[in-house]
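Chains, contacts and geometry: an overview
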Amino acid sequence: MPVPGGTMLRHEEIAEKGSEKMREREAFLDRLRVMATLAVVMLHTATGVMDATDMSLYPEENRVFLTVMDLVCWCVPVFLVISGYLFLNPCREMGLGRMLTKYCRRIVLALILFGVPYGCLELLAAEGRFRPGMPGEAFVKVLRGQSWSHMWYLYLILLLYLITPALRWMLARIPRGALYGLLGLLFFGSGILPFAAKLSGREPGIMLPDDGIYLFYYLCGHLFALKRGEIPAS
């Protein structure tokens, strides 16, 4: 079994790759972002119609919308893989200070700038009038994670950003086999078992939280970065 230092040396080898390959990667990621963004727009369009319409009156259309949702729901995993590819890439320096002051700050600002107005609109729609205390209540809802439902992704990515320095430290010290084992555990415990439980209506004795599947996608981004960096397998 390779020692942790050997893994760290292989990571340093990736960091010496030329700028030409980095530009190629950026173009590759940009294409993925565009496709995933279009899928997100389609997903929100479909869910927006279904949330505002009694689809029991339109069974055929309901099947069409459900089919569309199934065909585009890959967009969130792709965005998480892209984030993991960038932020868990050993080619990049990504300390806690940079994560907090640059990337986490952006997410917090987005939550405030968009979450608070949306929260006010929800309170306004519920009460039918505006009160001076509504912005404060909306701000508290954002802090509690109770803002507009479509913003759940921002809370998820903020959490992943916060644990990124710890993940990078761990990933630089474990062999490739341990990474595969962790990915397999997350996929089975947070993906297969919850799906089987919902399908059968039975709760298994041991099951990881469903949200663990998002960490699986994030770590997959790191694995793809290693593969594209041509690091020898452990």
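Residues numbered from 1 in each chain as written. Predicted model: local features only at pLDDT ≥ 70, side-chain atom pairs only at ≥ 80, totals over all residues. Heavy atoms only, no water.

**Some remarks on the overall build of the protein**
This is how the line gets drawn: Each helix is a run of H or I in the DSSP string that is no shorter than four residues. Each strand is a run of E no shorter than two, and both are numbered from the N terminus. The rule is simple: take the accessible area with a 1.4 Å probe, protein chains only, and divide by the maximum for that residue type; under 20% is buried, over 50% is exposed, in between is partly exposed. Every residue pair with non-hydrogen atoms within 4.5 Å of one another is taken to be in contact. Per-residue and other accessible areas were derived by the Shrake-Rupley procedure at a 1.4 Å probe size, with only the shown protein chains allowed to occlude residues.
Assigned secondary structure in the protein consists of 9 helices and 0 strands. Secondary structure elements in the protein, listed N-terminal to C-terminal, are α-α-α-α-α-α-α-α-α. A total of 234 residues make up the protein; the buried ones form 36% of that total. By sequence separation, contacts in the protein at least 24 residues apart represent 74% of the contacts at least 6 residues apart. When the accessible area of the protein is evaluated, it comes to approximately 13,900 Å², of which 67% is carbon and sulfur surface.

**Let's talk about the nonpolar core**
Let me state the cut-off plainly: In these notes, a set of buried Ala, Val, Leu, Ile, Met, Phe, Trp, Tyr and Cys residues joined through side-chain atoms within 4.5 Å is what counts as a nonpolar core.
Within the largest apolar cluster, 49 residues are counted, with the highest numbers of intra-cluster contacts made by F87 and Y161. Those elements giving two or more residues to this core turn out to be helix 2 (19–52), helix 4 (75–87), helix 5 (96–127), helix 6 (134–143), helix 7 (152–171), helix 8 (176–200) and helix 9 (212–228). For F87, the contacting residues outside a window of four places in its chain are R92, M94, M99, Y103, Y161, T164, R168 and Y218.

**Here's the deal with the pattern of salt bridges**
Note that side chains of opposite charge can pair when their charged atoms are close. We count it as follows: In what follows, salt bridge is the name for a side-chain nitrogen of Lys or Arg lying within 4 Å of a carboxyl oxygen of Asp or Glu.
Enumeration according to the criterion identifies 6 salt bridges in this entry. Across the salt bridge formed by E122 and K141, the nearest N and O atoms sit 3.8 Å from each other. Taken as a pair, E122 in helix 5 and K141 in helix 6 lie far apart in primary sequence, 19 residues in all. Under the relative-accessibility criterion, E122 is labelled partly exposed at 31%. For K141, a relative accessible area of 21% gives the class partly exposed. Connected through salt bridges with shared partners, the residues E127, R131 and E137 form a single ionic network.

**A closer look at the side chain of R168**
Basically, it comes down to this: Positive: Lys, Arg. Negative: Asp, Glu. His and the chain ends are not part of the count. The definition of a polar contact used here is a pair of N or O atoms within 3.5 Å, where within protein one atom must be able to donate a hydrogen and the other to accept one, and adjacent residues in sequence count solely through side-chain atom pairs.
Mapping R168 onto the fold places it in helix 7. Buried charged residue R168 carries no salt bridge. Nearest counter-charge: E93, at 5.4 Å. Within the local environment of R168, its side chain forms a polar contact with the backbone oxygen of N89, the two atoms lying 3.0 Å apart. Here R168 is in contact with F87, L88, N89, P90, R92, E93 and M94, once residues within four sequence places are set aside.

**Some words on the environment of L154**
Topologically, L154 is positioned in helix 7. Note: C-alpha distance between L154 and I107 (47 residues apart in sequence) is 6.4 Å. Other than its neighbours up to four places away in sequence, L154 contacts I107, A110 and L111.

**Some words on the state of the cysteines**
Keep this limit in mind: The criterion for a disulfide is a pair of cysteine sulfur atoms lying within 2.5 Å.
According to the stated counting rule, one finds 0 disulfides in the structure shown. Lacking any disulfide linkage, C73 is separated from the closest cysteine sulfur, that of C75, by 7.2 Å.

**Remarks on the packing of helix 4 against helix 9**
Packed helices, taken two at a time, are described by the angle between their axes plus the distance between the axes. Quick note on the threshold: Whenever a helix is involved, its axis is fitted only over the stretch in contact; in every case the axis is a line through C-alpha atoms, and angles between N-to-C directions fall within 0 to 180 degrees. Roughly parallel means an angle under 35 degrees; roughly antiparallel means over 145; roughly perpendicular covers 65 to 115; every other angle is labelled oblique. We call a crossing left-handed when the near helix sits turned anticlockwise from the far one by less than a right angle, and right-handed when that turn is clockwise. Polarity classes work like this: nonpolar for Ala, Val, Leu, Ile, Met, Phe, Trp, Tyr, Cys and Pro, charged for Asp, Glu, Lys and Arg, and polar for all others, with Gly in that last group.
The geometry of helix 4 relative to helix 9 is characterised by a closest axis approach of 7 Å and an angle of 50° between their N-to-C directions. Taken as axis vectors, helix 4 and helix 9 run oblique relative to one another. Helix 9 is crossed by helix 4, and the crossing has right-handed handedness. Contacts between helix 4 and helix 9 involve V76, P77, L80, V81, S83, G84, Y85 and F87 on the former and, on the latter, Y214, Y217, Y218, C220, G221, H222, F224, A225 and R228. Its residues assigned to classes, the contact of helix 4 with helix 9 shows 12 nonpolar, 4 polar and 1 charged.

**Overview of the confidence of the model for the protein**
Formally: Note: pLDDT gives the predictor's confidence per residue, expressed from 0 to 100.
Of all residues in the protein, 85% have pLDDT values of 70 or greater, and the mean over the chain is 82. Note that pLDDT drops below 50 for residues 1–9; the model gives that stretch 12 contacts with residues more than four away or on any other chain. A low-confidence stretch, residues 14–20 stays under pLDDT 50, and its non-local contacts, those more than four residues away or across chains, total 8 contacts.

**A word on a nonpolar patch on the surface**
For clarity, the cut-off: Residues form patches when they are more than 30% accessible in relative terms and have no salt bridge. Like charges link within 9 Å. Nonpolar side chains (Val, Leu, Ile, Met, Phe, Trp, Tyr) link within 5 Å.
A contiguous nonpolar patch, built from L96, L100, L159, L162 and I163 and spanning about 420 Å² of accessible area, is present on the exposed surface. Listed by contribution, the elements that provide at least two residues to the nonpolar patch are helix 5 and helix 7. By residue number, the principal contributor to the nonpolar patch is helix 7, which donates 3 residues. Note that L159 resides in helix 7.

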